[in-house]
Amino acid sequence: MSNKAKYDSIFIEVFGINQMELTDELAYQSVPSWDSVGHMMLVGELEDNFGIMLEMNDIIDFKSYKIGIETMKKYGVEF
């Protein structure tokens with residue numbers, strides 16, 4: 001599974017959304033499940049699945065699907 005497919009599947013699983021909802025416009029609180037608890041669940045799943053540890057500033061700035069990809073690249077995850 002590619003890193004992009006893994007990233008997408010984490011969003012789908014954590015937020016209970018479908019593939020069609022994964023757009024660059026998907027952002028914090030744009031779906032009901034992406035609240036503060038959902039955000040921390042997302043971070044935990046990304047850290048576990050990619051073997052990284054996000055810094056607090058990156059967790060706070062991780063406000064959209066698109067920004068998340070750039071954040072993951074910062075930690076050496078290739079897309």
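This one's a predicted model, so the numbers in the text were calculated from it and none came from an experiment. (Residues numbered from 1 in each chain as written. Predicted model: local features only at pLDDT ≥ 70, side-chain atom pairs only at ≥ 80, totals over all residues. Heavy atoms only, no water.)

## Details of the pattern of salt bridges
Pairs can form between side chains of opposite charge whenever their charged atoms are close. Stated precisely, the cut-off is as follows: The rule for a salt bridge is simple: a side-chain nitrogen of Lys or Arg has to be within 4 Å of a carboxyl oxygen of Asp or Glu. We count a stretch as a helix when DSSP gives it H or I for four or more residues in a row; a strand needs E for two or more, and each element gets its number in order from the N terminus. Exposure classes here rest on a 1.4 Å probe applied to the protein chains alone. A residue is buried below 20% of its type maximum, exposed above 50%, and partly exposed in between.
Summed over all chains, the structure comprises three salt bridges. In this structure, the salt-bridge partner of lysine 4 is aspartate 8, at a minimum N-O distance of 3.0 Å. Taken together, the residues lysine 4 and aspartate 8, both in helix H1 (residues 3-15) and four residues apart, mark about one turn of the helix. Exposure remark for lysine 4: the relative accessible area of 34% places this residue in the partly exposed category. Residue lysine 73 is joined to glutamate 70 by a salt bridge in which the shortest nitrogen-to-oxygen separation is 3.5 Å. Pair noted here: lysine 73 and glutamate 70 are both in helix H4 (residues 65-74), with a separation of three residues, about one helical turn.

## Describing H1
An α-helical turn contains 3.6 residues, so a residue and the one three or four places further along point in the same direction. Applicable threshold: By this rule the span expected of a helix is its residue count minus one, scaled by 1.5 Å. Taking the helix axis as origin, the arc is that swept by the directions to the C-beta atoms.
Here H1 contains 13 residues, and its C-alpha end-to-end distance of 18 Å stays within 8% of the 18 Å for a straight helix at 1.5 Å per residue. The set of residues buried in H1 consists of Tyr7, Asp8, Ile10, Phe11, Val14 and Phe15. In a view along the axis of H1, the buried residues occupy a sector of 155°, so they form one face of it. The positive-phi residue at the C-terminal boundary of H1 is glycine 16, with phi of around 60°.

## Considering unusual backbone geometry
Unusually for a residue other than glycine, glutamine 29 sits at a positive phi of about 70°. Position of glutamine 29 among the secondary structure elements: in the loop between H1 and helix H2 (36-50). Classification of glutamine 29 by relative accessible area gives exposed; the value is 56%.

## Concerning the side chain of threonine 71
Just so we agree on the cut-off: Two residues qualify as a contact provided that any one of their heavy atoms is within 4.5 Å of a heavy atom in the partner residue.
Here threonine 71 lies in helix H4. In this structure, threonine 71 is in contact with Leu54, Asp58 and Phe62, ignoring residues within four places of it in sequence.

## Some remarks on the nonpolar core
Taken as a class, soluble globular proteins show a tendency for nonpolar side chains to be buried jointly. Counted only if it meets this: The nonpolar core is taken to be a set of buried Ala, Val, Leu, Ile, Met, Phe, Trp, Tyr and Cys residues, with the residues joined through side-chain atoms within 4.5 Å.
Within the largest apolar cluster, 22 residues are counted, with the highest numbers of intra-cluster contacts made by Tyr7, Phe11, Leu26, Trp34, Leu42, Leu46 and Phe50. Sorting the residues of this core by element identifies H1, H2 and H4 as the ones contributing at least two each. Sequence-distant contacts of tryptophan 34, that is, excluding residues within four places in its chain, are made with Phe11, Phe15, Leu26, Ala27, Tyr28, Gln29, His39, Leu42, Phe62, Lys63, Ser64 and Tyr65.

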